[in-house]
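Fold and geometry: a report
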Amino acid sequence: MKILAIESSCDETAAAVCDGREVLSNIVATQVAEHRIYGGVVPEIASRRHCEAISGVTREALTEAGCTLDEIDAIGVTYAPGLIGSLLVGVNFAKGLALSSGKPLIPVHHLRSHIAANYIGRTDDRLKPPFLSLVVSGGHSHLVEVSDYTDYRIVGRTNDDAAGECFDKTARCLGMSYPGGVELDKIAQTGNADRYKLPWPHVDGSPYDFSFSGLKTAVINQVHNAAQHGEQIDVPDMAAAIRRRVCDMLIDATVRAATDLGHGTVVLSGGVSANSELRARMSDECAHRGITLFYPELKYCGDNAAMVGVQAYYEYLSGNLADNSLNAYATMPIDNIFK
Ligand code: KG4
Ligand code: ZN
């Protein structure tokens, strides 16, 4: 079953053609360079750029897959959560295509598709629910029990900032450009993580929740204090300390939840799953406990439409289809059943 998928939830305009778990094409037009000037995504600019890029990106995805719209069986689109103006561009474009071609329209939740990035290139014998997923992106940090391809239960979440947001904000404070997570990860390779002491906040009463705002504030305070004393923060050392602390929190909660809830499989997803320390240390921790760990190929960690196409396939099998009244939503829980 060939699905044309569209993704426009933040600052990447993306289209892909998928056949089940197989990716036939995957085109991403990123706006990062433009938003970098402002230190973060400017929603108004993002919507306009999606408008300009979406037709060309979709045409390219069809061409690279070697098929015409006639040969597509259904249209999948990210409808929530994300920047509302950005989502609306993709949703309306997909609605237009579905209406004019008479093909089914499949609404896809953005975080569900990040989890589905792990199915790409793996047969369903190798990875299928149930499993526990750590979903860590720029806007969300969740621990999710995935009981079936469209059945989710959130067992832990951040109480404040998302992990990606924490990386981006602390990186910015250290002088790195948006989105700082990737650069911080690179600079941290040469740093000494023991030099700066950073807090590890625990959330009372919610054993698998995380909190990153205390860590962010501690970094900002140390940077400001150093500046006031005319001292320089060693950027690689601070980057290494931040990266280690974020990983400590994510790994600790994930491994405890997997053990307590009896999950033998853990799956990383979202942009932060590209983090090299998270991948390496989570692999070690899981291996010690006999837990099987999966994470997406690097090119499927960030926002892309291939993951949307793969999740759309499972939504289709579950009968989760939309009609032309489909709307976009800035927030939407992952366990919402779309009807
Ligand atoms: O999933 P994603 O591409 O977009 C959202 O849905 O938010 O995640 C983007 C986030 C950004 O905060 C970015 O800095 C972070 O993922 N990120 C990383 C790395 N690569 C991307 N954070 C830490 N280490 C990385 N290597
Ligand atoms: Zn994302």
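This text goes with the structure placed above it.
My aim in this report is to walk through the structure given alongside it, one point at a time. (Residues numbered from 1 in each chain as written. Chains lettered and ligands numbered in written order. Predicted model: local features only at pLDDT ≥ 70, side-chain atom pairs only at ≥ 80, totals over all residues. Heavy atoms only, no water.)

Turning to the state of the cysteines, a few remarks are in order. This model, assessed by the stated rule, comprises zero disulfides. In this model Cys247 remains outside any disulfide bridge; the closest cysteine sulfur is found in Cys166, 11 Å from its own. A relative accessible area of 1% means that Cys247 is categorised as buried. Considering cysteine sulfurs only, Cys247 is the nearest to Cys286, which forms no disulfide, with 13 Å between them. (Disulfide = S-S within 2.5 Å. Buried < 20%, exposed > 50% of the residue type's maximum accessible area, 1.4 Å probe, protein only.)

Let us look at the coordination of the zinc ion (ligand 2). Only His110 (NE2), His114 (NE2) and Asp303 (OD) from the protein reach the zinc ion (ligand 2) as donors, at distances of 2.0 to 2.1 Å. Looking at His114, the relative accessible area reads 1%, which means it is buried. For Asp303, a relative accessible area of 17% corresponds to the buried category. (Donors = N, O, S within 2.8 Å, 3.2 Å for Na, K, Ca; no water.)

This brings us to the site of ligand 1. Near ligand 1 there are 19 residues, and of these His114, Gly138, Asp168, Gly271 and Asn275 occur at the shortest range. The contact in question runs from an oxygen atom of ligand 1 to an N or O atom on the side chain of Asp168, over 2.6 Å. Within the contact set of ligand 1, a nitrogen atom lies 2.9 Å away from a side-chain nitrogen or oxygen of Asn275. Protein chains bury 86% of the 550 Å² of accessible surface belonging to ligand 1 in isolation. Mapped onto the shell around ligand 1, the elements with two or more residues apiece are α4 (110-116), α5 (163-173) and α6 (180-188). (Near = heavy atom within 4 Å. Polar contact = N/O pair within 3.5 Å; in protein donor to acceptor, adjacent residues only side chain to side chain. Areas by Shrake-Rupley, 256 points an atom, 1.4 Å probe, with all protein chains shown as cover. Helix = DSSP H or I, 4+ residues; strand = E, 2+ residues; numbered from the N terminus.)

Across the six residues of strand β6 (residues 131-136), six count as buried, placing the element largely inside the fold. Both faces of β6 are covered, namely the face carrying Phe131, Ser133 and Val135 and the face carrying Leu132, Leu134 and Val136. The pairing of β6 with strand β7 (residues 141-148) spans six bridges and is classified as antiparallel. Paired with Val136 across the two strands is Ser141, which belongs to β7. In sequence, β6 turns back onto β7 through a hairpin of four residues. (Pairing = 2+ DSSP bridges.)

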